[in-house]
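# Structural features, examined
What follows is the residue order along each chain.
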Amino acid sequence: MTRIDFHSNVPDKLAYACRLARKARAANFRIVILTKDRTDLAALDQALWTFSELDFLPHVPVDDPQASVTPIILTDNDHDELPHHEILINLSAGTPAHFARFERMFEIIGADDIDKNAGRERYRFYQQRGYPLTHFVAEKA
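Let me sum up the structure you'll find in this document.

About the thresholds
- Here the residue index of a chain counts from 1 through its sequence in written order.
- Predicted model: local features are reported for residues with pLDDT of at least 70 only, side-chain atom pairs are reported and counted for 80 or more only, and whole-chain, interface and lining totals are derived from all residues.
- Each side-chain value is worked out from all heavy atoms of the structure, with water and hydrogens disregarded.
- Accessibility here uses a 1.4 Å probe with only protein chains present; expressed as a share of the type maximum, an area under 20% marks a residue as buried, one over 50% as exposed, and anything in between as partly exposed.
- The way it works is that DSSP assigns letters per residue, a run of H or I at least four long becomes a helix, a run of E at least two long becomes a strand, and they are numbered from the N terminus.
- For two strands to be treated as a pair, DSSP must find no fewer than two bridges joining them.
- Every case where a carboxyl oxygen of Asp or Glu lies within 4 Å of a side-chain nitrogen of Lys or Arg is listed as a salt bridge.
- The nonpolar core is taken to be a set of buried Ala, Val, Leu, Ile, Met, Phe, Trp, Tyr and Cys residues, with the residues joined through side-chain atoms within 4.5 Å.
- Residue contacts are defined here by distance: any two heavy atoms, one from each residue, within 4.5 Å place the two residues in contact.
- Axis angles are defined between N-to-C directions and span 0 to 180 degrees, where every axis is a line fitted to C-alpha atoms and, for a helix, only to the segment in contact.

Let us look at the pairing of strand β1 (residues 3–10). A large share of β1 lies buried, amounting to 6 of its 8 residues. Relative to strand β6 (residues 104–110), β1 runs parallel, the two sharing 6 bridges. What sits directly across from Arg3, in β6, is Arg104. Two strands pair when backbone bridges link them, and β1 and strand β7 (residues 133–137) are joined in this way by 5 bridges, in the parallel orientation. The residue of β7 that forms the bridge with Asp5 is Thr134.

Another aspect to go through is the pattern of salt bridges. Evaluation of the coordinates by the stated rule reveals 7 salt bridges. Across the salt bridge formed by Asp115 and Lys13, the nearest N and O atoms sit 3.0 Å from each other. Here the residue Asp115 occupies a position in helix α3 (residues 113–128), and Lys13 occupies one in helix α1 (residues 13–26), the gap between them amounting to 102 residues. Lys13 carries the same exposure label as Asp115, and that label is buried. One salt bridge in this structure joins Arg22 and Asp55, with 2.9 Å as the shortest N-O distance. You can see Arg22 sitting in helix α1 and its partner Asp55 sitting in the loop between α2 (38–50) and β3 (59–61), a full 33 residues away along the chain. Through salt bridges with shared partners, one network takes in Arg3, Asp5 and Arg104.

It is worth spelling out the nonpolar core at this point. Within the largest apolar cluster, 23 residues are counted, with the highest numbers of intra-cluster contacts made by Ile31, Ile33, Leu44, Ile89, Leu91 and Ile108. Within the residue set of this core, elements represented by two or more residues are α1, β2 (31–34), α2, β4 (72–75), β5 (87–90) and β6. Ranked by residues supplied to this core, first place goes to α1 with 7 residues. When neighbours within four sequence positions are excluded, Ile33 is seen to be in contact with Ala21, Leu44, Ile72, Ile73, Leu74, Thr75, Ile89 and Leu91. Core analysis: the next-biggest nonpolar cluster, separate from the first, contains 17 residues, Phe6, Val62, Ile73 and Tyr126 among them.

Strand order in the open sheet formed by 7 strands is β3-β4-β2-β5-β6-β1-β7, and the pairing between neighbours is parallel. Because the sheet does not close on itself, it has two edges, and the strands there are β3 and β7. Strand after strand, the sheet turns through a mean of 20 degrees between neighbouring axes, direction not considered. Pairing analysis gives 4 bridges linking β2 to β4, with the strands arranged parallel. From the neighbouring strand, Val32 faces β4, where its bridge partner is Ile73. Taken strand by strand, α1 contacts β1, β2, β4, β5 and β6, and its axis lies near 155 degrees from that of β6. The strands touched by α3 within the sheet are β1, β5, β6 and β7, with β6 carrying the most contacts at an inclination of about 150 degrees.

In structure tokens form, the structure reads like this:
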């Protein structure tokens, strides 16, 4: 059963996702990051290249020919065929359709009320279905 970790009150979801991806890669996990739209996908792609001068996080969009051999996959389409299912980082506002295929999922919840309310709805959804949940509140920078 998928283990689900909620990280709430996150001031910058893209930067937070980069740090989380770095940590997961250091533990040799393969990651899929789901964004809400193409704009966030492009911003995340750029952020992964620039957030740290010391770290290289190999990543490609899901439709790239190298996706099957790249440890970080970026997508904004919940229905894409994915090459691996270890960790899912959800930056979208909805419940990912195929989250149960993953060993672990991180729900990143922003600090604004709209994101908080959507996160609460997803938390209840998973809780009602018996998924193991943990919750972390991000510290203010």
